[in-house]
Amino acid sequence: MTLPRNEMLRGTLDLLILKALSLEPLHGVGIARRIEQITRAAFSVSFGSLFPSLHRMEERNWLSAEWRASENGRRAKYYRLTARGRQRLEAEAEDWHRMARVMKDALESA
């Protein structure tokens, strides 16, 4: 089930991008594919949302980027997590786990 884009919670895209890049550097198309893979196709990211987020995250020094040949021989900009980006991923993941526990407890309360 793919969720409509407007149902993506605030901050979710940044967290998913950080998670997608936690294993290896990827180019934009690779990041979009990885997000679909790790969310089991629940989230589909448009390039109109992805690339501004990547640019913003690069400015915040959460990501670094370099141009190199992609798997099809074309030049592509590959993004990788910086140390600051890894710290951000850990902090945001912890916040999401805490929020999920709070919401679960609230929904299961009598």
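Not measured: the values here are computed from a predicted model.

Engineer: Help me get a handle on the pattern of salt bridges, residues and values and all.
Structural biologist: If you walk through the whole model with that rule in mind, you get 9 salt bridges. Here Arg 68 makes a salt bridge to Glu 66, at a shortest N to O gap of 3.4 Å. Between Glu 108 and Lys 104 there is a salt bridge, with the nearest N and O atoms lying 3.1 Å from each other. A residue pair is termed a helical-turn pair when its members lie 3 or 4 positions apart in one helix, as Glu 108 and Lys 104 do in helix α4 (residues 83-108) at 4 residues. Overlapping salt bridges bring together Glu 66, Arg 68 and Arg 80 as one network.

Engineer: Report on the packing of aromatic side chains, specifying residues and quantitative values.
Structural biologist: Enumeration according to the criterion identifies 1 aromatic pair in this entry. Looking at Arg 68, its charged tip hangs above the ring of Tyr 78, at a distance of 4.0 Å from the centre.

Engineer: How would you explain a nonpolar patch on the surface if you had to name every residue and give the values?
Structural biologist: A cluster of nonpolar residues, Val 29, Phe 47 and Phe 51, forms a patch on the protein surface that exposes about 250 Å² of accessible area. One can find Phe 47 in helix α3 (residues 47-59). Taking the relative accessible area as the measure of exposure, Phe 47 reaches 43% and is therefore partly exposed.

Engineer: Tell me about the packing of helix α1 (residues 12-20) against α4, residues and numbers included.
Structural biologist: Put simply, α1 and α4 touch, their axes get as near as 10 Å, and they point 125° apart. Judged on the interaxial angle alone, α4 and α1 are oblique. Considering how the two elements wind past one another, α1 and α4 form a crossing that is left-handed. Taking contact as the criterion, the partners of Thr 12, Asp 14, Leu 15, Leu 18 and Lys 19 in α1 are, on α4, Gly 85, Arg 88, Leu 89, Glu 92, Ala 93 and Trp 96. Class assignment for the residues of the contact of α1 with α4 results in 5 nonpolar, 2 polar and 4 charged.

Engineer: Give me the pairing of strand β2 (residues 63-69): which residues, what numbers.
Structural biologist: As judged from the 7 bridges shared by β2 and strand β3 (residues 75-81), these two strands associate in the antiparallel manner. Counterpart to Arg 68 in the pairing with β3 is Ala 76.

Engineer: Break down the nonpolar core for me, citing the residues and quoting the values.
Structural biologist: Ranked by internal contacts, the top residues of the largest apolar core, which has 21 residues, are Ile 17, Leu 21, Ile 31, Ile 35 and Leu 63. Broken down by element, the residue count for this core peaks at 6 residues, all from α1.

Engineer: Can you tell me about the environment of Thr 12, naming the residues and giving the values?
Structural biologist: Along the chain, Thr 12 turns up in helix α1. A residue is classified by how much of its surface remains accessible, and Thr 12, at 8% relative accessible area, is buried. Each C-alpha atom, one on Thr 12 and one on Phe 43, is 10.0 Å from the other, the two residues being 31 residues apart in sequence. Among residues more than four places away in sequence, those in contact with Thr 12 are Phe 43 and Trp 96.

What counts and how
- Residues numbered from 1 in each chain as written.
- Predicted model: local features only at pLDDT ≥ 70, side-chain atom pairs only at ≥ 80, totals over all residues.
- Heavy atoms only, no water.
- Salt bridge = Lys/Arg side-chain N within 4 Å of Asp/Glu carboxyl O.
- Helix = DSSP H or I, 4+ residues; strand = E, 2+ residues; numbered from the N terminus.
- Phe/Tyr/Trp six-rings, centres within 6.5 Å; stacked < 30°, edge-to-face > 60°.
- Lys NZ or Arg CZ within 6 Å of the ring centre and 35° of its normal.
- Patch = residues over 30% accessible without salt bridge, like charges linked within 9 Å, V, L, I, M, F, W, Y side chains within 5 Å.
- Areas by Shrake-Rupley, 256 points an atom, 1.4 Å probe, with all protein chains shown as cover.
- Buried < 20%, exposed > 50% of the residue type's maximum accessible area, 1.4 Å probe, protein only.
- Axes fitted to C-alpha atoms, helices over the stretch in contact; angles between N-to-C directions.
- Parallel < 35°, antiparallel > 145°, perpendicular 65-115°, else oblique.
- Left-handed = near helix turned anticlockwise from the far one by under 90°.
- Contact = heavy atoms within 4.5 Å.
- Nonpolar A, V, L, I, M, F, W, Y, C, P; charged D, E, K, R; others polar.
- Pairing = 2+ DSSP bridges.
- Core = buried A, V, L, I, M, F, W, Y, C linked by side-chain atoms within 4.5 Å.

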